[in-house]
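Coordinates in review
Here's the letter readout for the chains.
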Amino acid sequence: MPRKRAPTSPKTKAEEEEPKVRADALRPTIDLARLIHSQLLEGEIPRMRLPLRTKQNIAFQMREGVWRLGKATGTRSARKLDGALMLLRTFYLVDFINEMARDGKTSTLRELYYISEGWEEGKFHSEDESNLLVEDLEVMCSRLREDFRLHPEENGASIIGDITIRERNRKGAVKTINCREDVGDGGYALPSNVEKEKIEFVKARAKFVIAIECGGMVDRLAENGFDEANDALLVHLKGQPARSTRRFLKRVNEELKLPVVVFTDGDPWSFRIFASVAYGAIKTAHISQYLATPGAEFLGVTASDIENYDLPSDRLSEVDIKALQAELSDPRFATAEWRSEIELMLKNGKKAEQQSLAKYGLNYVTDHYLPEKLKEMGVL
Amino acid sequence: MPRTLVAPARSIAEQLASKQREISVAEFFERNRQILGFDNPQRSLLTTVKEAVDNGLDASEEAGILPDLRVEISKEGESGDRLRVAVEDRGPGIVRREIPNVFGRLLYGSRFHSNRQARGQQGIGISAAVLYAGLTTARPARITSKIAEEEGARVLELILDTQKNLPRILSEEVQLWDREHGTRIELVLKAKYVRGRQSPLEYLRGTAIVNPHARIVLVEPDGTKITFERATSELPPISKETLPHPYGLELGELGYLLKASKRENIREMLSRDLAGVSVRASREVVGAAGLKGSEAPASLSGEAQEKLLAGLRGVELVAPSAEGLSPIGPLLIKRGLRNVLGDVRPDFFAPPVSRPPKVRGGFPFLVEVGLVYGGGLPADQPLQLLRFANRVPLLFQQGACAITSAVGSIDWRRYGLDQKGGNGLPTGPCLLLVHVASTKIPFTSEAKEALAEDEDLDRELTLAIQAAARHLKTHLSRVGRRQFASDKFAIIQKILPRLAEKASRLIDQPVPDLAPVITKIMDVVTLEPTVVADASSVRVTVEITNYTARPRVLEVFLEIDPTTFALAEYAPTPEGIDRGLGRAWWTLDKLASNARTRIELGFPARTDVEANDLDFYVAGVDEAHLLGADPLPGDWDVRLPRAIIEAAEAAESGPIEEEEVDYDAAEASAHVSEDES
Ligand SMILES: Nc1ncnc2c1ncn2[C@@H]1O[C@H](COP(=O)(O)OP(=O)(O)OP(=O)(O)O)[C@@H](O)[C@H]1O
Ligand SMILES: [Mg+2]
């Protein structure tokens, strides 16, 4: 994994003796403490500088083909209450992480949130707050949350299709699983960690990957035998996809050279789902290079599909319209195709669910819609 | 006893009188249902309650009795669309011979031409309710009334004869009633009970706020009993009856006054039947109108009346007096609001504003405003506007009312509330009470629901509301300063020490001295008063801390209400004292960076003094570096010691912080729409 090295200072004797793992993964967290301590010694108000994770501060990275954080930074300073609290929490978190490393434990993000109950004024008010701080720490230390022994609850995608995977489970046993033969109707559930040390690809008989927003549509395709007939891997995104899902898509795309198409509802929120798969999400722009699949393509439902297939639709709500307008100023959507797609949706004022294709019968999506669209895209 | 007279015709009254022979009262009622407030079952109930309650309040106040009202609303029969309404007061009662006319005859009342502030004006109110009840349920009104002079109460059942506009008595008896005097009216009508805006409960709540001298009980159909206790047992001063003033008098009104006058000639009529016209002025008016002055008032032709009116307009007159007005007054507005909004626990009651009386169209009027903010008031809703005219809540037609447009034309953003585009009702946890008192309220229609736009009225409304809004702004900026202070103290007292300790321990280093960082974070001089009351005294300790990086020489001024001030003892002894202003001042010894000193005040036990009552002003440090006190107002004529002037002149130098983007503020606004895991 390409990884930026944190700025390091000469090692102290104590650090030299620390176990290698801790020194490597967690040294940047200790560097943060050193930074604050030196500011205090100088009589300076403690503060840290972080890249801003806002829509205005993401930039396209030619080489990787993904959107990454730009150069604009903000300051988290103890001059203000919010900043002071976040600084304090950062060190509660650093303490906790180092403790876990010592004890050989891991923790879910949700557990972390509850652990903070004991942090007095540092206690988080919501899980969002604790998740954000973990991301901040990833940025500040140029590490992934897995390095901090933190992981989300298992909420990754499920996979259906002819791919064989070798997973090292949490007991250390290695299982070889074919995602069609060895699983039930629910498919193979991705764990939260899908890195090589956890999951290996053994072999795959597939021509492309189709990532689908809703469970109902995954079931429809599986029931109609779409994956078998077309050598497709079905990936259920479950709404806005988790990091592990995006990481998995990236790996199959890069390592197995499979094209990825994204099939969602036709509404502004689904556009964002696609953007986070293909270009990277703003919140995780600091690690886009691991998560984004720049080659992924949007299959539909597009605004023009709603017209061309005369799909049952709903009127755009006020929030939908706001979301579309926000997308017009989002650099990830600043291509001619996306602009015209978004503008068309605004103009028609309509959105449609992917399952609205059932208007023409249960087989329509697999017999007509997908083959037509995939041919158009040159995948089939 | 109320003096009753048959009201002379005007406006609707006029219509009715002229058409009385052609159309029946029932027809008239049908046509004017909306104006009279009986256009649907829900509104009809409210109107009925309102008419009876207004009468009870008017009668009690006129008789010098503290109003004590009980409103009972209960289900009647099985059909579900009928209610029984009983309203009872402990007012003076009504003499037997007037009862039938008061309740069973439209346009019979005592106030039509009395030029003073009262709720009832037209003599339609209660008989319209009787009529409505009769028309919808064919049930008679049952009146119980007792006057102090009689042993028993008169109980009459009557209906309004819609053909003749006369009462018809169905039964009559005398009963014992467990009170000296009072009146109860019971009606059965087609009606619907609801809560919420435009409901009897809302009406009574509003009434209780602006009539803190009244006790009002409401029993709802499900038996729930709601009591608005009195907040004062002082009756409002009875407003004096005043004569009509020529300013704004219209021709028709003048004609009526001339016809009804008992004076021998117009000169006398002018100086005695009108306000503001002296004997000399009456001569001038007559002269200007080309009249002799000795004409009998009733004899003037239409043309002569017009000339007379022109003459009245051309002569300088004594301005109308405000004696006919009965304002609520700042004290009682506050008490009324406190009393009724107690369960909402607002953070702030602005000092109410009571404007001096002004005149429009010949009638004096004045505007009063109360404002309440915070606590349980909903923050995401439009400001709650409570409109009142002569102490009567206005529940309908908010959008068409001059009060609403005055509120909406103010830019509330300047006073700290959200407001889209800077006009219209602002949003925020704010309740605004606006009371207009006048001997003649300029309603938009006979329905008495909204005030008509008028330049003079609008100016007064705007001034009064802005004055209240300024109090809100002061409050909000104080709250902001207080929040700022408590944030800073949280940082330096709790967060910073813990942060330093954790960071140091992670790298096995001793914790550095935090004093320089603390002064950088705070960078203010703080004044914090604490009040401790015990059985023997009330003690106030004012702690003054210099959290700036440089030493300070300070002059501290304290102001308290002079009566409280007179009770105070001080340590150290003040540099000077001004008892009239309630002001004391101290020149403090040089206060080093991070050093602190204190001033102590002592008051006798049970003195009513809170930290909020103490106003501090400080010289020797600029506003940006001062917490818990204000800088010395520019218009104070005080001589400051040389050291302070020098200190103040030495500009507040020091490196200017480079403006940096606050990471957490930028983050908070960025993540609202993203929802990825
Ligand atoms: N509860 C009462 N106690 C004593 N007198 C009353 C009571 N109710 C009504 N009156 C007398 O009866 C008169 C008629 O009442 P009514 O409500 O019809 O007219 P109003 O109050 O004068 O004017 P408005 O039409 O504006 O209500 C009043 O002016 C008052 O003198
Ligand atoms: Mg009345």
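Residues numbered from 1 in each chain as written. Chains lettered and ligands numbered in written order. Predicted model: local features only at pLDDT ≥ 70, side-chain atom pairs only at ≥ 80, totals over all residues. Heavy atoms only, no water.

1. Quick look at the overall build of chain A
Summing up its helical and strand segments, chain A has 14 helices and 17 strands in all. Residues counted as buried form 57% of the 380 residues belonging to chain A. Considering only contacts in chain A between residues 6 or more positions apart, those separated by 24 or more positions represent 71%. (Helix = DSSP H or I, 4+ residues; strand = E, 2+ residues; numbered from the N terminus. Buried < 20%, exposed > 50% of the residue type's maximum accessible area, 1.4 Å probe, protein only. Contact = heavy atoms within 4.5 Å.)

2. Points about the sheet that holds strand β11 (residues 199-204) of chain A
Residues and elements named next belong to chain A. The 3 strands lie next to each other as β9-β8-β11, forming an open sheet whose pairing is antiparallel. The sheet is open, and its two borders are formed by β9 (174-178) and β11, each paired with just one other strand. Each adjacent strand pair in this sheet contributes to an overall mean axis angle of 20°, direction not counted. As judged from the 5 bridges shared by strand β8 (residues 163-168) and β11, these two strands associate in the antiparallel manner. Bridge pairing in β11 links I165 to F201. Each of β8 and β11 is contacted by helix α8 (residues 243-255), which is oriented at about 45° to β11, the strand it contacts most. (Pairing = 2+ DSSP bridges. Axes fitted to C-alpha atoms, helices over the stretch in contact; angles between N-to-C directions.)

3. What about the interface of chain A and chain B?
Each side of the interface is counted separately: chain A has 54 residues, and chain B has 40 residues. Interface area, chain A with chain B, both sides summed: about 4100 Å², of which 61% is carbon and sulfur. It is H37, L40 and R79 of chain A that lose the most area in chain A upon contact with chain B, and together they represent 16% of the buried surface on that side. Inspection of the region where chain A meets chain B yields 6 salt bridges. For K502 of chain B, the salt bridge is made with D95 of chain A, and the minimal N-O distance between the two is 3.0 Å. Applying the counting criterion to the chain A and chain B interface returns 11 residue pairs in polar contact (both at pLDDT 80 or more). When residues of the side of chain A that touches chain B are traced back to their parent elements, those giving at least two are α2 (20-41), β1 (47-51), β4 (73-77), α3 (81-103), α5 (127-141), α8 and α9 (268-278) of chain A. When residues in the side of chain A that touches chain B are grouped by element, the largest group, 13 residues, is from α3 of chain A. (Buried area = accessible area lost by both parts, 1.4 Å probe. Salt bridge = Lys/Arg side-chain N within 4 Å of Asp/Glu carboxyl O. Polar contact = N/O pair within 3.5 Å; in protein donor to acceptor, adjacent residues only side chain to side chain.)

4. Digging into the nonpolar core
Most often, soluble globular proteins keep nonpolar side chains buried together rather than apart. By size, the foremost hydrophobic cluster in this structure holds 69 residues, and its most contacted members are I210, L221, F248, F263, Y369 and L370 of chain A. Element by element, the count of residues in this core is highest for α9 of chain A, at 6 residues. Leave out the neighbours within four places in its chain, and Y369 of chain A touches F263, L299, G300, V301, D305, Y309, L357 and Y364 of chain A. In terms of nonpolar packing, the next biggest core, distinct from the first, is built from 67 residues, I99, L189, L218 and V340 of chain B among them. (Core = buried A, V, L, I, M, F, W, Y, C linked by side-chain atoms within 4.5 Å.)

5. Structural notes on the environment of E327 of chain A
Residue and element names in this part refer to chain A. Locating E327 in the fold gives a position in helix α12 (residues 318-328). We classify E327 as buried; its relative accessible area is 1%. As a C-alpha pair, E327 and R272 span 55 residues in sequence and 8.4 Å in three-dimensional space.

6. Some words on the confidence of the model for chain B
As a note on interpretation, predicted positions should not be read in detail where pLDDT is low. Residues and elements named next belong to chain B. In the predicted model, chain B carries a mean pLDDT of 86, and 90% of its residues have values of at least 70. A low-confidence stretch, residues 1-10 stays under pLDDT 50, and its non-local contacts, those more than four residues away or across chains, total 25 contacts. Here residues 671-677 scores under 50 on pLDDT; set against residues more than four positions off or in separate chains, the count is 19 contacts. The complex model carries a pTM of 0.66, and its ipTM stands at 0.77. (pLDDT = per-residue confidence, 0-100.)

7. Comments concerning a negative patch on the surface
Residues and elements named next belong to chain B. A cluster of acidic residues, D561, D608, E610 and D613, forms a negative patch on the protein surface. Relative to the helices and strands, D608 is located in the loop between β24 (596-604) and β25 (615-619). Under the relative-accessibility criterion, D608 is labelled exposed at 64%. (Patch = residues over 30% accessible without salt bridge, like charges linked within 9 Å, V, L, I, M, F, W, Y side chains within 5 Å. Areas by Shrake-Rupley, 256 points an atom, 1.4 Å probe, with all protein chains shown as cover. Lys, Arg positive; Asp, Glu negative; His and termini not counted. Charge placed at Lys NZ, Arg CZ, Asp CG, Glu CD.)

8. A short note on the pairing of strand β7 (residues 166-175) of chain B
Residues and elements named next belong to chain B. The sheet contact formed by strand β6 (residues 153-161) and β7 spans 9 bridges and is antiparallel. In the strand pairing of β7, A153 is matched with Q175. Between β6 and β7, which pair antiparallel in sequence order, lie 4 residues; one of them, N165, sits at a positive phi of approximately 50°.

9. Comments concerning the packing of aromatic side chains
All names here are of chain A. With the rule as written, the count across this model stands at 21 aromatic pairs over all chains. Ring plane angle 70° and centroid distance 5.0 Å describe the contact between Y309 and Y369, whose orientation is recorded as edge-to-face. With a gap of 60 residues between them, Y309 in the loop between α11 (303-308) and β16 (314-315) and Y369 in helix α14 (residues 364-377) connect regions that are remote in the sequence. An identical accessibility class is assigned to Y309 and Y369; each is buried. (Phe/Tyr/Trp six-rings, centres within 6.5 Å; stacked < 30°, edge-to-face > 60°.)

10. Re the packing of helix α14 (residues 455-506) of chain B against helix α15 (residues 515-522) of chain B
Residues and elements named next belong to chain B. Direction vectors running N to C along α14 and α15 enclose 155°, while the axes themselves pass 9 Å from each other. Viewed along their axes, α14 and α15 adopt a mutual orientation that is roughly antiparallel. In this structure, α14 crosses over α15, and the sense of that crossing is right-handed. On α15, the residues touching K488, F489, I491, I492 and L496 of α14 are V517, I518, I521 and M522. (Parallel < 35°, antiparallel > 145°, perpendicular 65-115°, else oblique. Left-handed = near helix turned anticlockwise from the far one by under 90°.)

11. A word on the pairing of strand β18 (residues 525-533) of chain B
Residue and element names in this part refer to chain B. Inspection of the sheet shows β18 paired to strand β19 (residues 537-546) by 9 bridges, in the antiparallel sense. By the bridge assignment, V531 is partnered in β19 with V540. Where β18 folds back onto β19 in an antiparallel hairpin, the turn is made up of 3 residues. Bridge count between β18 and strand β26 (residues 626-627): 2 bridges; the pairing is parallel.

12. A word on the pattern of salt bridges
For the coordinates displayed, the defined rule picks out 65 salt bridges over all chains. With a closest N to O distance of 3.8 Å, K520 of chain B and E44 of chain A form a salt bridge. Separated into two different chains, K520 of chain B in helix α15 and E44 of chain A in the loop between α2 and β1 make up a pair that spans both. Taking the relative accessible area as the measure of exposure, K520 of chain B reaches 37% and is therefore partly exposed.

13. Overview of unusual backbone geometry
A cis geometry characterises the amide bond from G300 of chain A onward to V301 of chain A, with omega recorded as 10°. Relative to the assigned elements, V301 of chain A resides in the loop between β15 (297-300) and α11. Residue P572 of chain B is reached from A571 of chain B by a cis peptide bond, and omega for that bond is -10°. Within the secondary structure, P572 of chain B sits in the loop between β21 (569-571) and β22 (576-578). For R606 of chain B, which is not glycine, the phi torsion reads 65° and is therefore positive. Along the chain, the position of R606 of chain B falls in the loop between β24 and β25. For R606 of chain B, a relative accessible area of 76% corresponds to the exposed category.

14. Digging into the confidence of the model for chain A
All names here are of chain A. Averaged over every residue, the pLDDT of chain A is 89; residues scoring 70 or more account for 93%. Scored below 50 in pLDDT, residues 1-9 makes 19 contacts in the model with residues more than four places away or belonging to other chains. When the criterion is pLDDT under 50, residues 11-19 qualifies, and its contacts beyond four places in sequence or with other chains add up to 7 contacts.

15. Let's talk about the environment of E180 of chain B
Residues and elements named next belong to chain B. On the secondary structure map, E180 appears in the loop between β7 and β8 (182-190). Taking the relative accessible area as the measure of exposure, E180 reaches 52% and is therefore exposed. Separated by 89 residues in the primary sequence, E180 and G91 have C-alpha atoms spaced 9.3 Å apart. Excluding anything up to four places from it in sequence, E180 contacts K146, I147 and A148.

16. A closer look at helix α10 (residues 279-288) of chain B
Note on helix geometry: an α-helix contains 3.6 residues per turn, so any two residues three or four positions apart are oriented the same way. Residue and element names in this part refer to chain B. Of the positions making up α10, those classed as buried are A281, S282, V285 and V286. Projected down its long axis, α10 shows its buried positions confined to an angular sector of 140°, all on one face. Across α10 from its buried face, at more than 90 degrees, point the exposed residues R280 and A288. Check the buried side of α10 and you find it contacts α9 (266-273) and α11 (302-314). Taken from the residues just after α10, G290 is the one with a positive phi, measuring 70°. (Arc of directions from axis to C-beta.)

17. Here's the deal with the packing of helix α4 (residues 41-62) of chain B against helix α6 (residues 125-137) of chain B
All names here are of chain B. Packing of α4 against α6 brings their axes to within 8 Å, and their N-to-C directions diverge by 140°. One way to sum up the angle between α4 and α6 is to call them oblique. The chirality of how α4 crosses α6 is left-handed. In contact with P41, S44, T48, E51, A52 and N55 of α4, α6 contributes G125, I126, A129 and Y132. Grouping the constituent residues of the contact of α4 with α6 by class yields 5 nonpolar, 4 polar and 1 charged. (Nonpolar A, V, L, I, M, F, W, Y, C, P; charged D, E, K, R; others polar.)

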